[in-house]
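Chain and residue survey
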Amino acid sequence: MAERTAVIAGAGLAGALLATRLAQRGWGVTIVERRADPRRANVYEGRSINLALSTRGLNALTQIGVTDVVVRGAVPMSGRRMHAVDGTRTYQPYGRSGQAILSVSRAALNIALLDAAEHAGAMVLFDGRVVDVDVDAGAMTAEIA
């Protein structure tokens, strides 16, 4: 049994990333997620399809070893075009010449992070619901379907 344990509410991007990093460092980690497993059901309806991944995000993915999987289908974005009410357009680069942020699939990123968390030893409990958190006692109560 791990010397230190953590329970994380939510298996989204941040929860799965944190779970992976803690599990890699020897923590016993359990994630409670209210949605179904996105690897087995379409849970992304109504959510944004892509997100922009910058250097900070890439560094986090590198730390847990999933950068190659995530950036495989990424689309580089060097800047954005802004349209003013008067019809003028301006271009704003995201960095210096040759630099870009990456547009990645939110669903693919979340799945890669969940796979990494489980591979590192975290347990993910889907279709669960956190019903109470007692910060003083360091306790969380959840209902698992």
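What comes next concerns the included structure. Remember, predicted model here, so these are calculated numbers, not experimental data. Sequence positions are assigned chain by chain, starting from 1 and proceeding in written order. Given that the model is predicted, a residue must reach a pLDDT of at least 70 before its local features are reported, and side-chain atom pairs must reach 80 or more before they are shown or counted; all residues, however, enter totals for whole chains, interfaces and linings. Derived side-chain values reflect all non-hydrogen atoms in the structure, with water molecules and hydrogen atoms excluded from consideration.

**Here we look at the overall build of the chain**
- A helix here means a DSSP run of H or I that spans at least four residues, while a strand means a run of E at least two residues long, and both kinds are numbered starting from the N terminus. Counting its secondary structure elements, the chain contains four helices and ten strands.
- Ordered by position in the sequence, the α and β elements of the chain form the string β-α-β-β-α-α-β-β-β-β-α-β-β-β.
- In terms of C-alpha radius of gyration, the chain reaches 18 Å, well past the compact-globule figure of 15 Å for 145 residues.
- Within the chain, the fraction of its 145 residues that count as buried is 30%.
- Contacts in the chain between residues far apart in sequence, at least 24 positions, make up 58% of those at least 6 positions apart.
- Split by element, the accessible area of the chain, about 9400 Å² in all, is 50% carbon and sulfur.
- Placing the 16 positive and 13 negative side-chain charges of the chain at their respective mean positions leaves the two points 12 Å apart. For the radius of gyration, the atom set is restricted to C-alpha positions; the globular benchmark scales as 2.2 Å times the number of residues to the power 0.38. Buried residues are those whose accessible area, probed at 1.4 Å on protein chains only, stays under 20% of the maximum for their type, while exposed residues exceed 50% and partly exposed ones sit between those limits. Working rule for contacts: check all heavy atoms of both residues, and any pair within 4.5 Å makes them a contact. Residue exposure ignores everything except the shown protein chains as possible cover, and the areas themselves are Shrake-Rupley values with a 1.4 Å probe. In summary, the charge assignment counts Lys and Arg as positive and Asp and Glu as negative, without counting His or the chain termini. One atom stands in for each charge, and that atom is NZ of Lys, CZ of Arg, CG of Asp or CD of Glu.

**Here we look at the sheet that holds strand β3 (residues 50-53)**
- On the basis of which strands lie adjacent, the open sheet formed by three strands has the order β3-β7-β4 and antiparallel pairing. Of all strands in the sheet, those with a lone pairing partner are β3 and β4 (75-77), marking the two edges. Strand-to-strand twist in this sheet, taken as the mean axis angle between neighbours without regard to direction, amounts to 35°.
- Examined bridge by bridge, β3 and strand β7 (residues 101-105) share four bridges and lie antiparallel to one another. Across the sheet, Leu51 pairs through a bridge with Val104, a residue of β7. Following DSSP output, two strands are said to pair if at least two bridges run between them. A fitted line through C-alpha atoms serves as each axis, taken over the contacting stretch for helices, and the angle formed by two N-to-C directions is quoted from 0 to 180°.

**Brief notes about the environment of Ile64**
- Tracing the chain through its elements places Ile64 in helix α2 (residues 55-64).
- When its relative accessible area of 8% is taken as the criterion, Ile64 is described as buried.
- Each C-alpha atom of the pair Ile64 and Ala116 lies 7.5 Å from the other, and the pair is 52 residues apart in sequence.
- Ignoring sequence-local partners within four residues, the contact set of Ile64 consists of Leu17, Thr20, Arg21, Gln24, Leu113 and Ala116.

**What to know about the sheet that holds strand β8 (residues 123-125)**
- Taken in spatial order, the three strands of this open sheet run β1-β2-β8, and their pairing is parallel. The open sheet has two edge strands, β1 (5-9) and β8, and neither has a second partner. On average, adjacent strands in this sheet sit at an angle of 15° to one another, irrespective of strand direction.
- Looking at chain direction, strand β2 (residues 28-32) and β8 are connected through three bridges and run parallel. Paired with Ile31 across the strands is Val124, a residue of β8.
- Helix α1 (residues 13-24) rests against β1 and β2 of the sheet, and its axis sits at about 165° to β2.

**Focus on a nonpolar patch on the surface**
- Here the term patch refers to residues with relative accessible area over 30% and no salt bridge, with like charges joined within 9 Å and nonpolar side chains (Val, Leu, Ile, Met, Phe, Trp, Tyr) within 5 Å. Any carboxyl oxygen of Asp or Glu within 4 Å of a side-chain nitrogen of Lys or Arg constitutes a salt bridge here. A contiguous nonpolar surface patch, about 260 Å² in accessible area, is contributed by Val130, Val133 and Val135.
- Checked against the element boundaries, Val133 lands in strand β9 (residues 128-134).

These values are about where atoms sit, not about what they do.
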